[in-house]
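In case you want the letters, here they are:
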Amino acid sequence: MAHPAFFDDAPKITLYDPLADLLGASDDGTLEYGYADAVRLAGHSCPTVAGAYLMAVKALAALYPDSLPRRGEVLVEFADDARNGVTGVIANVVGLLTGATTDTGFKGLAGQYDRRDLMRFEADIPGEIAFTRRDTGACVVASYSAREVPPAPMTMPLLQRILAGQASDAQRRDFAQAWQDRVRRILESADMPGLVTLQAR
């Protein structure tokens, strides 16, 4: 997939997946994910996908400060309904990294490696997404504010022209460049205060 170079510069995460280890999908059970993987899953790159990716990466790093995060062993709870706004898009990206699913995931083997019921919605939490380790109960709640990295002023007017069928090819290119430039700035600002916030629960 040809993609903007900044995709490869975004923070990456390495996870240990015991199921991947058991079934030989990885020699040592480790899997590395980057932002391009989230884009392939979603089919597009936008501030929502970038924010979902950063929330998951940062939350997992906080939950496992001294070891690799364990994919398939984290409960993920969303404050919102799955069908509200962009929650479903965020959930797909978070599920990619954590292995968590509702009732559609791997059913397990002899009671182990079950990925179902690890993703829940409409939870009473003080933020957008709660990530909880199943082994220790440690929990962090993540929130994301794309407003911290605003779009270029011409971005929305250009989008409106495109959606109305009134944009030239040059305007479409300008829009795409401006759109991805904002995503780049979000990913490069991963540690900016207020962009992604974590709190222990």
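Heads up: these notes are all about the structure in this document. The shown structure was predicted, so the numbers you read here are calculated from the model rather than taken from an experiment. (Residues numbered from 1 in each chain as written. Predicted model: local features only at pLDDT ≥ 70, side-chain atom pairs only at ≥ 80, totals over all residues. Heavy atoms only, no water.)

**With respect to the overall build of the chain**
Part 1 of the argument: Each helix and strand in the chain was counted, giving seven helices and seven strands.
Part 2 of the argument: Expected size for 201 residues packed as a compact globule is a radius of gyration near 17 Å; at 18 Å, the chain falls within 12% of this value.
Part 3 of the argument: Dimensions along the principal axes, computed over C-alpha positions, put the chain at roughly 60 × 35 × 30 Å.
Part 4 of the argument: Across the 201 residues that make up the chain, the buried fraction comes to 45%.
Part 5 of the argument: For the chain, contacts bridging at least 24 residues in sequence account for 68% of all contacts bridging at least 6.
Part 6 of the argument: The distance from the centre of the 20 positive side-chain charges to the centre of the 26 negative ones in the chain is 4 Å. (Helix = DSSP H or I, 4+ residues; strand = E, 2+ residues; numbered from the N terminus. Rg over C-alpha atoms; globule rule 2.2 N^0.38 Å. Buried < 20%, exposed > 50% of the residue type's maximum accessible area, 1.4 Å probe, protein only. Contact = heavy atoms within 4.5 Å. Lys, Arg positive; Asp, Glu negative; His and termini not counted. Charge placed at Lys NZ, Arg CZ, Asp CG, Glu CD.)

**Looking at the packing of aromatic side chains**
Part 1 of the argument: Using the criterion set out here, one finds five aromatic pairs in the structure.
Part 2 of the argument: Here Phe-7 and Tyr-35 contribute two aromatic rings whose centre-to-centre distance is 5.1 Å and whose plane-to-plane angle is 90 degrees, an arrangement assigned as edge-to-face. Linking Phe-7 in helix 1 (residues 6-9) with Tyr-35 in helix 3 (residues 35-42), this pair joins segments that are 28 residues apart in sequence. The exposure classification of Phe-7 matches that of Tyr-35, with both residues buried.
Part 3 of the argument: Their ring planes at 70 degrees and their centres at 5.8 Å tell us that Tyr-35 and Tyr-53 sit as a pair that is edge-to-face. Taken as a pair, Tyr-35 in helix 3 and Tyr-53 in helix 4 (residues 47-63) lie far apart in primary sequence, 18 residues in all.
Part 4 of the argument: On the accessibility criterion, Tyr-53 (0% relative accessible area) is buried.
Part 5 of the argument: Here the aromatic cluster, defined as three or more aromatic residues joined through ring pairs, consists of Phe-6, Phe-7, Tyr-35 and Tyr-53. (Phe/Tyr/Trp six-rings, centres within 6.5 Å; stacked < 30°, edge-to-face > 60°.)

**Focus on helix 6 (residues 155-163)**
Part 1 of the argument: Within the sequence span of helix 6, burial applies to Thr-155, Leu-158, Leu-159 and Ile-162. Buried residues of helix 6 fall within an arc of 100 degrees about the axis and therefore sit on the same side.
Part 2 of the argument: Where the residues of helix 6 are buried, they touch helix 7 (169-188).
Part 3 of the argument: Taken from the residues just after helix 6, Gly-165 is the one with a positive phi, measuring 75 degrees. (Arc of directions from axis to C-beta.)

**Examining a nonpolar patch on the surface**
Part 1 of the argument: A contiguous nonpolar surface patch, about 360 Å² in accessible area, is contributed by Leu-22, Leu-23, Phe-106 and Leu-109.
Part 2 of the argument: Overall, Phe-106 belongs to the partly exposed group, its relative accessible area being 33%. (Patch = residues over 30% accessible without salt bridge, like charges linked within 9 Å, V, L, I, M, F, W, Y side chains within 5 Å. Areas by Shrake-Rupley, 256 points an atom, 1.4 Å probe, with all protein chains shown as cover. Salt bridge = Lys/Arg side-chain N within 4 Å of Asp/Glu carboxyl O.)

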